[in-house]
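Letter by letter, the chains look like this.
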Amino acid sequence: QKYDLGLAESERALQINPSVAEALLARAAALLWTGRIEGSIAAAEFAIHLNPNIGPEAALNLGIAYLLDRRYADAVKLLEAARTRYPAYPLLDFPLAGAYAELGRTADAAGALEQGRRKNPHFDLASFGSRFQDPAVLNDPKEIARIGKRMAELKPLVGMLAEYDACEKAEAFGEEAHADPELQALAREEGAAAAKRKQQLLAAMRAFLIPKDRDD
């Protein structure tokens, strides 16, 4: 009902002035969240034609629409540019990670997820696309679930990257000189353990990055 109201309001604004980019973007958002992906993309792309300087939320919506339309390269191009322009916006990294994953760029996907996790540590990857879950407003729930699954599958790699960073810090701390002999010995012991763990993590990450069957 909220999105139907948004569609009606944007329709009235466009009747007054068909070239209002803001009204087109509002319509694109309402169409997106009611599952009308092609119409959402058309409205957003026309808005960008009128005003290329769209905000981060509009870029997020269009990026998700591209994902759902399997236009992964377009999603990457749009979301990378938006993330550069709005580096603090907390949600652009997650659909970008999904697009990277669909293109087989698993390392980039994991990096984007890690950036998103740092900006928004409470974001639940498993909930990606939950805004679409009402079957009354969704054309293709399987497609949204599939993209959410792709992103959730990258969570182990994000965890490994975070642990690898921690090991690097522990190893560096072990190599530093410490005045306290006991602290020095403990730091070296932990640094040696961290160096060993780093090698294990590298092997695990290499195995994770081996391309898998994209149709699974």
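In what follows, the accompanying structure is described. (Residues numbered from 1 in each chain as written. Predicted model: local features only at pLDDT ≥ 70, side-chain atom pairs only at ≥ 80, totals over all residues. Heavy atoms only, no water.)

1. Considering the packing of helix α2 (residues 21–33) against helix α3 (residues 37–50)
Now for step 1: Remark: α2 packs on α3, axes separated minimally by 8 Å, with the N-to-C direction vectors making an angle of 160°. Looking at the two axes, α2 sits roughly antiparallel to α3. Our pair here, α2 against α3, has a crossing hand that is left-handed. Residue-level inspection shows Ala21, Leu24, Leu25, Ala28, Leu31 and Leu32 of α2 in contact with α3, the latter providing Ile37, Gly39, Ser40, Ala43, Ala44, Phe46, Ala47 and Leu50.
Now for step 2: Tallied by class, residues from the contact of α2 with α3 come to 12 nonpolar, 2 polar and no charged. (Axes fitted to C-alpha atoms, helices over the stretch in contact; angles between N-to-C directions. Helix = DSSP H or I, 4+ residues; strand = E, 2+ residues; numbered from the N terminus. Parallel < 35°, antiparallel > 145°, perpendicular 65-115°, else oblique. Left-handed = near helix turned anticlockwise from the far one by under 90°. Contact = heavy atoms within 4.5 Å. Nonpolar A, V, L, I, M, F, W, Y, C, P; charged D, E, K, R; others polar.)

2. Comments concerning α2
Note: α-helices contain 3.6 residues per turn, so residues at a spacing of three or four share the same orientation.
Now for step 1: Its 13 residues place the ends of α2 19 Å apart at the C-alpha level, agreeing with the 18 Å of an ideal helix rising 1.5 Å per residue.
Now for step 2: Across the 13 residues of α2, 10 count as buried, placing the element largely inside the fold.
Now for step 3: Taken residue by residue, α2 has Ala21, Ala23, Leu24, Leu25, Ala28, Ala29, Ala30, Leu31, Leu32 and Trp33 as its buried positions.
Now for step 4: Just past α2, the residue glycine 35 takes up positive phi, approximately 85°. (Expected span 1.5 Å × (residues − 1). Buried < 20%, exposed > 50% of the residue type's maximum accessible area, 1.4 Å probe, protein only.)

3. Quick notes on the pattern of salt bridges
Now for step 1: Applying the stated rule across the entire model yields 11 salt bridges.
Now for step 2: Taking the shortest distance from any N to any O, the salt bridge between aspartate 108 and arginine 105 comes out at 2.9 Å.
Now for step 3: A salt bridge links arginine 197 to glutamate 163; the shortest N-O distance between them is 2.7 Å. Remark: glutamate 163 occurs in helix α9 (residues 155–175) and arginine 197 occurs in helix α10 (residues 181–208); sequence separation between them is 34 residues.
Now for step 4: With relative accessibility at 30%, the residue glutamate 163 sits in the partly exposed group.
Now for step 5: Each of Glu45, Arg71 and Asp74 takes part in one network of salt bridges that share partners. (Salt bridge = Lys/Arg side-chain N within 4 Å of Asp/Glu carboxyl O.)

4. Describing the environment of proline 52
Now for step 1: For proline 52, the position within the fold is in the loop between α3 and α4 (56–68).
Now for step 2: For the pair formed by proline 52 and alanine 21, sequence separation is 31 residues and the distance between their alpha carbons is 9.4 Å.

5. Here we look at the packing of α4 against helix α6 (residues 93–102)
Now for step 1: Between α4 and α6, whose axes approach to 10 Å, the crossing angle comes to 25°. In terms of orientation, α4 and α6 fall into the roughly parallel class. Considering the relative orientation of α4 and α6, their crossing is left-handed. Here α4 contributes Leu60, Ile64 and Leu67 to the contact with α6, which in turn contributes Pro95, Gly98 and Ala99.
Now for step 2: The class makeup of the residues in the contact of α4 with α6 is 5 nonpolar, 1 polar and no charged.

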